[in-house]
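Survey of secondary and tertiary structure
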Amino acid sequence: MTLLSLFKNTNNNNNPHTLIWSEDDFVNDYLAKSYAKEDQFKDCEHVIIDCETDGLDELIASLTESSLFSEQKLIMVKNPFFLTAKVPKKYQKQINDLIKIFENLSDLEDTIVIVASYEKLDRRKKLTKTVLKQFNVVEPKIRSYEVGAITKALIKAEGYTITQSALQLLIERSDQVMDTVLSNYQKLKMTATDNKITEKSVMQNVDLSLAQNIFAILESALNRNYQEAVDRLENQLREGTSPIQLLAVFENQLELLLVVKILAQRGRSEPQIVKDLGVHPYRVKLALKNRVKISKLEKLLRDAIDLEFNYKNGTYREDNFLKLFVLNV
């Protein structure tokens, strides 16, 4: 199964010419490389054209010239600025040439894969309209709460297996960020025995993220494990994390706890809260289990915001004020 099928795509009659479009360059690149490794392209000459460094003339030459090494080419097009609003007028001839080529893809023996890591494409342009019509358009845009399901499907599609506990740990340690998940998953593939990824493997090969380490400080304090909280806090400070960075993550965690509790109080179910907030289900589950009252969370959040303000304006400079905040949680 192709990884591209995991995401929204137009799949125009199994059209091999593909546009991969999302803001996440790492995810786009991962999918493009996976697609290029499929059996249908194993005998092709693989050509990579970066439009920003190689130029449009080089792209057009690759699209119109025959391969010296094989019957077909797989042409990977990166940084296709010609699909955006920022295209200088000096490129008008090349734009017209590209329109003609893309309008007649059926005459082309080669396969084109365009990787567009942009938030928006200029849909007003004829060239963009042509590409969107002629190519299979894949949009790997992933919401936070979809990261787990997409990761599980991707791992299965690549022939690996992962236990549910290992998957949950992988997502947690990757902060629900898809490109971080993929980066960590690549480490796990290298150490997997019989293509199996276990919780033990994740624990050994994927470090806690900065946010997770900071969450652990607050979690320990909320559970009244103050010595553990202070020890973790001092470790982070020794490693160079600033009080302002720590407080920003504290505030994020307190806001999540507060909002989850308020929504639950208003009768929202756990799945509804996950969808409304767009966060990983496990974080919502933990927040619902937390017994700290809404009034105390509100006070802690105000105190954290005030403390951050005082660090930013220079009133506080010592770490002791931060330690005092943790001990008063």
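For the structure, see preceding data.
Read on for an overview of the structure. (Residues numbered from 1 in each chain as written. Predicted model: local features only at pLDDT ≥ 70, side-chain atom pairs only at ≥ 80, totals over all residues. Heavy atoms only, no water.)

**Description of the pairing of strand 4 (residues 73–78)**
If a strand is regular, its side chains alternate between the two faces of the sheet. Taking burial as the measure, the six residues of strand 4 include five buried ones, the bulk of the element. Strand direction decides the pairing type here: strand 3 (residues 45–50) and strand 4, joined by six bridges, are parallel. Within strand 4, the position partnered with Val47 by the bridge is Ile75. Bridge count between strand 4 and strand 5 (residues 111–116): five bridges; the pairing is parallel. Across the sheet, Leu74 pairs through a bridge with Thr111, a residue of strand 5. (Buried < 20%, exposed > 50% of the residue type's maximum accessible area, 1.4 Å probe, protein only. Helix = DSSP H or I, 4+ residues; strand = E, 2+ residues; numbered from the N terminus. Pairing = 2+ DSSP bridges.)

**Observations concerning the nonpolar core**
Counting 37 residues, the largest nonpolar core has Leu246, Phe250, Leu254, Leu322, Phe325 and Val326 as the members making the most contacts within it. Going through the elements one at a time, helix 10 (210–222), helix 11 (226–238), helix 12 (243–265), helix 13 (270–277), helix 14 (281–289), helix 15 (294–312) and helix 16 (320–327) are the ones with two or more residues in this core. Of the residues forming this core, the biggest block, ten residues, is contributed by helix 12. Leaving out residues up to four positions away in the same chain, Val326 has contacts with Ile217, Ala221, Tyr226, Ala229, Leu233 and Phe250. Met76, Ile150, Leu154 and Val202 belong to the second largest nonpolar core, which has 36 residues in total. (Core = buried A, V, L, I, M, F, W, Y, C linked by side-chain atoms within 4.5 Å. Contact = heavy atoms within 4.5 Å.)

**Here we look at the packing of helix 12 against helix 15**
Relative to each other, helix 12 and helix 15 sit at 155°, their axes nearing to 9 Å. As far as their axial angle goes, helix 15 and helix 12 are roughly antiparallel. Here the hand of the crossing between helix 12 and helix 15 comes out left-handed. Along its contact with helix 12, which presents Pro243, Ile244, Leu247, Glu251, Leu254, Glu255, Leu257, Leu258, Lys261, Ile262 and Gln265, the element helix 15 presents Ile294, Leu297, Glu298, Leu300, Leu301, Ala304, Ile305, Leu307, Glu308, Tyr311 and Lys312. (Axes fitted to C-alpha atoms, helices over the stretch in contact; angles between N-to-C directions. Parallel < 35°, antiparallel > 145°, perpendicular 65-115°, else oblique. Left-handed = near helix turned anticlockwise from the far one by under 90°.)

**What to know about the sheet that holds strand 2 (residues 18–21)**
With mixed pairing, the six strands of this open sheet are ordered in space as 1-6-2-5-4-3. Every interior strand has two partners, whereas the edge strands, strand 1 (8–9) and strand 3, have only one. Alignment of strand 2 against strand 6 (residues 136–139), held across three bridges, turns out to be parallel. Note on strand 6: the bridge partner recorded for Leu19 is Val137.

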